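Remarks on the overall topology
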Amino acid sequence: MPEVSAAGGCPSDGEFVFGKKWDCPICGKGFKNPTVKSSKARMVGSDMDLRPIYEKINPLKYDVVLCPHCGYSALERYFKTVTQVQKQLIQEKICANYKEREEKETFSYEDGFLRYKMAMMNCMVKQAYDSEKAYVCLRAAWMLRAWRESLTEDPGKQERIAKQEEEYLKNAKEGFAQANIKEDYPLCGMDETTVDYLMAALSCRFGEYDTAMKLVSGIIANRAAGSRIKDRARDLKEEITRQSKR
């Protein structure tokens, strides 16, 4: 893993990204946002909570689109979807205090985390749906985990990042629980079975074994659920049983 810094980005990412053109729906100005080439992002596995694992480059660092002119930022899937009321709120509370800056061509993990924080700030200001806020927290937590794993010789920093990851995962779990009550599916591109699995995985992580077991049992018994998610649910059920017996 190459050494990176917030100031210098990650030079080794250069061959895997390109500058995708965007027009900001808030200020109307054009800009280029570093984006991972789809042909270069090779997924090699995933964690229990669905965090995707890639080789050579981590696309999670490049999830957030940020306008360098006005400070408006969001995950790529949400960037263009802004109501007139949200636009006004962002202009008043984000853009008015934002200093225009030159964007980098590649990002370090620290750069990526700062962009997630900016996206969450925009979510709060524009009063985004619970699902969008939860999804930002989830993907931020995934990226923090990858950052922590890259710091093999800095246990102190690993511990600090682990605490932040934990906080973001808790916020994601709470947000998806609220979205499940208030919003219609799909949520962030996920169907109900996938969200149930994700909630089971997060419940297991935080020691809520009864809730986790109820959710995975429902997935396994669901005739409409696909074989792939059922297999994951069975694996998770075994993990819940192991952890609950400790």
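Residues numbered from 1 in each chain as written. Predicted model: local features only at pLDDT ≥ 70, side-chain atom pairs only at ≥ 80, totals over all residues. Heavy atoms only, no water.

1. Focus on the packing of helix α4 (residues 155–182) against helix α5 (residues 192–205)
Using the following cut-off: Here, axes are lines fitted to C-alpha atoms. For helices the fit covers the stretch in contact, and angles between N-to-C directions go from 0 to 180 degrees. A helix here means a DSSP run of H or I that spans at least four residues, while a strand means a run of E at least two residues long, and both kinds are numbered starting from the N terminus. An angle below 35 degrees is read as roughly parallel, one above 145 as roughly antiparallel, one from 65 to 115 as roughly perpendicular, and any other as oblique. Each helix crossing is assigned a hand: it is left-handed if the near helix lies turned anticlockwise from the far helix by less than a right angle, otherwise right-handed if that turn is clockwise. Two residues form a contact once any of their heavy atoms are found within 4.5 Å. In the scheme used here, Gly and all other residues not listed as nonpolar or charged are polar, with Ala, Val, Leu, Ile, Met, Phe, Trp, Tyr, Cys and Pro taken as nonpolar and Asp, Glu, Lys and Arg as charged.
Put simply, α4 and α5 touch, their axes get as near as 10 Å, and they point 135° apart. In terms of their interaxial angle, α4 and α5 are classed as oblique. Where α4 crosses over α5, the handedness of that crossing is left-handed. Contacts between α4 and α5 involve Glu165, Glu166, Leu169, Lys173, Phe176 and Ala177 from the first element and Leu198, Met199, Leu202, Ser203 and Arg205 from the second. Classifying every residue of the contact of α4 with α5 by side-chain character gives six nonpolar, one polar and four charged.

2. A few points about the confidence of the model for the protein
Worth spelling out the cut-off: Values of pLDDT, the confidence the predictor places in each residue, fall between 0 and 100.
Taken as a whole, the protein shows an average pLDDT of 94; of its residues, 96% reach a score of 70 or greater. Of the regions scoring below 50 in pLDDT, residues 1–7 engages in 14 contacts with residues more than four places distant in sequence or in other chains.

3. Examining the environment of Lys80
Selection criterion: Using a 1.4 Å probe on the protein chains alone, a residue whose accessible area is under 20% of its type maximum counts as buried, one over 50% counts as exposed, and one in between counts as partly exposed.
As for its placement among the helices and strands, Lys80 is situated in the loop between β6 (73–75) and α1 (84–93). On the basis of relative accessible area, Lys80 is assigned to the exposed category, the value being 66%. Lys80 sits 57 residues away from Asp23 along the chain, and the two C-alpha atoms are 8.7 Å apart.

4. A closer look at the packing of aromatic side chains
Quick note on the threshold: To pair, rings of Phe, Tyr and Trp, with the six-membered ring standing in for Trp, must have centres within 6.5 Å; the planes then decide the type, stacked if under 30 degrees apart, edge-to-face if over 60, and tilted in the middle. Charges are assigned to positions over rings by a cutoff of 6 Å between ring centre and Lys NZ or Arg CZ, combined with an angular limit of 35 degrees from the ring normal.
With the rule as written, the count across this model stands at six aromatic pairs. Ring centres of Trp22 and Phe79 lie 5.2 Å apart, and the angle between their planes is 75°; this geometry places the pair in the edge-to-face category. Taken as a pair, Trp22 in strand β1 (residues 17–23) and Phe79 in the loop between β6 and α1 lie far apart in primary sequence, 57 residues in all. You can call Phe79 buried: its relative accessible area is 0%. Above the ring of Tyr109, the side-chain terminus of Lys61 is found at 4.9 Å from the ring centroid.

5. Points about the pairing of strand β4 (residues 52–55)
Using the following cut-off: What makes two strands pair is DSSP finding at least two bridges between them.
Relative to β4, strand β3 (residues 42–46) is paired through four bridges, and the arrangement is antiparallel. Counted as the bridge partner of Arg42 is Glu55 from β4. Here β3 folds back onto β4, and the loop between the two strands holds five residues, one of which, Leu50, carries a positive phi near 80°.

6. Notes on unusual backbone geometry
Apart from glycine, the bulk of residues carry a negative phi angle, and the bulk of peptide bonds sit in the trans form. Here the residue pair Tyr185 and Pro186 is connected by a cis peptide bond, since its omega of 5° sits within 30 degrees of zero. Tracing the backbone through its elements, the reader meets Pro186 in the loop between α4 and α5. One non-glycine residue, Lys56, lies in positive phi territory at about 75°. Inspection of the secondary structure puts Lys56 in the loop between β4 and β5 (64–66). According to the relative accessible area criterion, Lys56 is exposed, its value standing at 67%. Its identity as a non-glycine residue notwithstanding, Gln127 has a phi of 55°, on the positive side.

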